[in-house]
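Now for the letters of each chain:
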Amino acid sequence: FSSQTSSHSRLLLCTWEQDFAPEDLSLPNGTPVDTSSPASSSSLLNRLQLDDDLDGETRDLFVTVDDPKKHICTMETYITYRVTTKTTRAEFDLPEYSIRRRYQDFDWLRNKLEESQPTHLIPPLPEKFVMKGVVDRFSEEFVETRRKALDKFLKRIADHPVLSFNEHFNVFLTAKDLNAYKKQGMALLSKMGESVKYVTGSYKLRSRPLEFAAVGDYLDTFVLKLGTIDRIAQRIIKEELEYLVELREYGPVYSTWGGLEVELAEPLEGVSACIGNCCTALEELSDDMTEDFLPVLREYILYSESMKNVLKKRDQVQAEYEAKLEAVALKKEERPKMPADVEKCQDRVECFNADLKADMERWQNNKRQDFRQLLMGMADKNIQYYEKCLTAWESIIPLLQDKPETK
Amino acid sequence: MSACAEGEPSRAPIPMERPEAEPLSASGSCQAGEAEAEAGSGPAAEEPGGRAAGTMMEDCLSKKIEITVSEAEKRTGRNAMNMQEIYTAYLIETRAVESQTEGQCSPPDSLWRRYSEFELLRNYLLVNYPHIVVPPLPEKRAEFVWHKLSADNMDPDFVERRRIGLENFLIRVASHPIICQDKIFYSFLTQEGGWKEMVNETGFQLKAESRLKALNATFRVKNPDKRFTELKHYSDELQSVISHLLRVRARVADRLYGVYKVHGNYGRVFSEWSAIEKEMGDGLQSAGHHMDVYAASIDDILEEEEHYADQLKEYLFYAEALRAVCRKHELIQYDLEMAAQDLASKKQQCEELATGTLRTFSLKGMTSKLFGQESPEQREGKIKVLEEQIHDGEEQLKSKNVEGREFVKSAWADIERFKEQKNHDLKEALINYAVMQISMCKKGIQVWTNAKECFSKM
């Protein structure tokens, strides 16, 4: 589709897209796009799909990552995750799939997506390398945190109107033997259709269009703020754990004291137990923050860095176009005929811009929802912590006020 | 408590009654006031005088006058070495209770005292009422401080807490049925000038037992009342456990302070972040404000907790007062044992001289053997002297006996009173502590609920 459509109709479609204010996506549901061929990123109908994807009812592709399992082999030990797919899409032979994948498969997928969909923002993966000795790669918490991030990763792709139709994604979700496909893919690298290198040398962009410049500036500040929040959250966890250490010594002293006393024994023991309960609650709070809050924050930092890279790629494409345009203008021309490759560059710029704008829009919306959920979750966890402590202290008031029977 | 004379198993020990040993845990039956009249079972009947039937609580000074330490003021003066010093003076106000109930608002009598005068008063009470568990003063130097607290005696928070502690001390003394009647104490409250001289004139410093003597008695006493031995162990352990508790509590406070304050950083970053957001901006900004509130709330919370720490400290110092009473008992008992031992040895000497037998080794005996016996006249003379000494000794022993028994009785009565007070006060303190924790939890829930609402509007 993308390579066959005439440039004229391509321009028409892009104009239509550009006429829409990004907020004004109130379009009637269009008919499903024919996705038998690699999806055209500038397909108008895909634009219509954009709105549909936010509406869960019309979603037709559901992906879940769960059930981590450890595999111990002679050469290595690693974890696989079950990836379950439910779909009504025609691109999938079966309505349901369940296969197992390991982290390097996800990494492979991401690289493939970046290669094949260079004008789109690919969601981030959780960090690849973990310092051995510092983090236990096989601990329950680590695996669970990773699982959640991988689940999010696939869900974001599944929700994307263009990426979800990507062939590599399809194979990832369905193939029994992914490694065979991977090897095959390496051989095809040389084929033109596959790896369209958009970054064609280093061209210098004179100025970024305002809207992209604004996003770039936004992202720079955003990443900084997220980094600050990450550091604050880490610091809070650290302080909480140090507080916990002291509390763990504090509670038992009341118990020791109770051992010396008679009438005060029960009250003191009660206070000791109460503090113990608060310790448990605090431990749960800091574990939750470590496992749920920090990873999402870091993910968004990676996401933002991805976005910045895509912006840079876009700049490259535009720079190339402008350079070529200039080169043409310098030549003495009888008739202002646009050479084919310059036209192609222009197409590329416009499509990239369109894709990127769409992706930026989704990203902003998702970001808002994600952070709303994340921060509300953080508030919730703290409320739960205080409620647990409150219950503990309220329950010993009657014990403390109790008058012992006269012996 | 029988002081057995050494080497005289056949001689019946001088009877000294020991009241039925009661475990430390016995529910101190009576109110402080009645303790005097009821204390001790058997021995009381034997004693001729015993202590006068005690004053009832109603007669305590605290019922008649209201005492407050209302102000603290920095003063400059000259110390003992004529160097300029800065110290804090505290205003003691006293007001007759009746004048208030009648609706009259008569101005209180007041005078200024500094900490060292309080110390003087307390030392006086310690010496003159060794059988009483004398209320302690607030700490001389700030201890168990965590980083935000100052260890400086001039720090206003420290001065304020000391003011409260001094008031508490005066009220405790005034509420004690025995020591509230002391004249020196009354003068302390009412007589501004010349009080120090008055106290020193009582010569109480001379009565004070030397530390060395007390230590010696502690190690060498053979038959102290078991209850006092137990009490001593208890007060040692109490001191140890409360110290530990206060130390850890200070560290806990320090850490909690850190947790709360770091949250304040959220306030700033949310504010900065909201500046680059459109729809999310308002929610973030207002949530940030709540984070600031949260961070600021810890200051009041921890200040309140300091009062709890002060309540614990009072009983930490009370443990020392308990020990002082035990020490006094050991001293008296040791004194008694020494006197009995001395008497027994004199009797033995007498007997030996009379019968001419030499049962125990003595240098005199050896020398007389070597260098010739004494003449019968000399021997008679010695016997007479010894008999006189024995007579005196027996009289002394009797009175020491009485003194010892009286001390045990009255001390134990006050200890029972103290136990009741301690159990009551510490329970109150624990309840207050729990209430503080509850309040802190509720505040926490409130703030995070507010923040959550702001986030939901993002």
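As recorded in an unreviewed UniProt entry, chain B goes by the name Sorting nexin 4, listed as coming from Chelydra serpentina. As recorded by UniProt, the Sequence similarities (unreviewed entry) comment attached to chain B reads in full: "Belongs to the sorting nexin family."

Identification of chain A as Sorting nexin-30 from Chelydra serpentina is taken from an unreviewed UniProt entry. The record in UniProt for chain A states the following under Sequence similarities (unreviewed entry): "Belongs to the sorting nexin family."

Residue and element names in this part refer to chain A. In the contact formed by helix α3 (residues 103-116) and helix α5 (residues 167-174), the axes pass within 9 Å of each other and the chain directions differ by 165°. With respect to each other, α3 and α5 are oriented roughly antiparallel. Of the two possible hands of crossing, α3 and α5 adopt the one that is right-handed. Seen from α3, the contacting residues are D105, F106, W108, L109, K112 and S116; seen from α5, they are H168, F169 and F172. The residue makeup of the contact of α3 with α5, split by class, is five nonpolar, two polar and two charged.

Further remarks concern the interface of chain B and chain A. Residue-level contacts link 56 residues of chain B with 54 residues of chain A. Of the roughly 5600 Å² buried where chain B meets chain A, counting both sides, 75% is carbon and sulfur surface. Taken as a group, R255, Y266 and K427 of chain B account for 12% of the area that chain B buries against chain A, more than any other trio of residues on that side. The partner of K427 of chain B in a salt bridge is E263 of chain A, with the nearest N and O atoms 3.9 Å apart. When contributions to the side of chain B that touches chain A are tallied by element, the ones reaching two or more residues are α11 (226-274), α12 (281-355) and α14 (376-456) of chain B. With 24 residues, the single largest contributor to the side of chain B that touches chain A is α11 of chain B. Here the side of chain B that touches chain A is built from residues that sort into 34 nonpolar, 11 polar and 11 charged.

Turning to the side chain of D355 of chain A, a few remarks are in order. Locating D355 of chain A in the fold gives a position in helix α9 (residues 340-401). Within polar-contact distance, the side chain of D355 of chain A engages the side chain of H120 of chain A at 3.5 Å.

With that settled, consider the sheet that holds strand β3 (residues 96-102) of chain A. All names here are of chain A. The antiparallel open sheet is built from three strands, whose spatial order is β1-β2-β3. In this open sheet, the two strands that pair with only one neighbour each are β1 (61-72) and β3. Geometrically, the sheet is characterised by an average inter-axis angle of 20° between neighbouring strands, direction not taken into account. Sheet topology note: the β1/strand β2 (residues 77-87) ladder contains 10 bridges and is antiparallel. Looking at β2, one finds that T64 is bridged to T84. Where α3 meets the sheet, its contacts fall on β1, β2 and β3, and the angle it forms with β3 comes to roughly 105°. Contacts from helix α4 (residues 140-159) reach β1 and β2 within the one sheet, and its direction differs from that of β1 by about 150°.

With that out of the way, let us pick up the state of the cysteines. Tallied over the full model, the rule gives zero disulfides over all chains. Among the cysteines around C274 of chain A, which has no disulfide bond, C278 of chain A carries the closest sulfur, lying 5.0 Å off.

Further remarks concern the sheet that holds strand β2 (residues 84-96) of chain B. All names here are of chain B. An order of β1-β2-β3 is seen for the three strands of this open sheet, with the pairing classed as antiparallel. In the strand order of this sheet, the two ends are held by β1 (65-78) and β3 (109-114), each with one partner. This sheet shows a mean twist of 25° between the axes of neighbouring strands, independent of strand direction. The strands touched by helix α5 (residues 115-128) within the sheet are β2 and β3, with β3 carrying the most contacts at an inclination of about 90°.

Before going further, it helps to spend a moment on the packing of α9 of chain A against α11 of chain B. Closest axis-to-axis distance for the α9 of chain A/α11 of chain B pair is 15 Å, and the angle between their directions is 160°. In this view, α9 of chain A runs roughly antiparallel relative to α11 of chain B, as classed from their interaxial angle. Taken as a pair, α9 of chain A and α11 of chain B cross one another with a handedness that is left-handed. Counted together, F371, L375, M378 and Y386 of chain A of α9 of chain A and Y260, Y266, F270 and W273 of chain B of α11 of chain B form the full contact between these two elements. Partitioned by chemical class, the residues of the contact of α9 of chain A with α11 of chain B number eight nonpolar, no polar and no charged.

Next up on the list: the nonpolar core. Ranked by size, the top nonpolar core spans 135 residues in total, and within it F293 of chain A together with Y266 and F270 of chain B carry the most contacts. Only α7 (210-260), α8 (265-330) and α9 of chain A together with α11, α12 and α14 of chain B provide two or more residues apiece to this core. Sequence-distant contacts of F270 of chain B, defined by excluding residues within four places in its chain, comprise I229 and L375 of chain A together with L284, A287, G288, M291 and F455 of chain B. Judged by nonpolar contacts, the second largest core, of 33 residues, contains C60, Y129, L137 and V173 of chain B.

Scoring rules and cut-offs
- Residues numbered from 1 in each chain as written.
- Chains lettered and ligands numbered in written order.
- Predicted model: local features only at pLDDT ≥ 70, side-chain atom pairs only at ≥ 80, totals over all residues.
- Heavy atoms only, no water.
- UniProt positions renumbered as here; feature names shortened; annotations may be inferred.
- Axes fitted to C-alpha atoms, helices over the stretch in contact; angles between N-to-C directions.
- Helix = DSSP H or I, 4+ residues; strand = E, 2+ residues; numbered from the N terminus.
- Parallel < 35°, antiparallel > 145°, perpendicular 65-115°, else oblique.
- Left-handed = near helix turned anticlockwise from the far one by under 90°.
- Contact = heavy atoms within 4.5 Å.
- Nonpolar A, V, L, I, M, F, W, Y, C, P; charged D, E, K, R; others polar.
- Buried area = accessible area lost by both parts, 1.4 Å probe.
- Salt bridge = Lys/Arg side-chain N within 4 Å of Asp/Glu carboxyl O.
- Polar contact = N/O pair within 3.5 Å; in protein donor to acceptor, adjacent residues only side chain to side chain.
- Pairing = 2+ DSSP bridges.
- Disulfide = S-S within 2.5 Å.
- Core = buried A, V, L, I, M, F, W, Y, C linked by side-chain atoms within 4.5 Å.
- Buried < 20%, exposed > 50% of the residue type's maximum accessible area, 1.4 Å probe, protein only.

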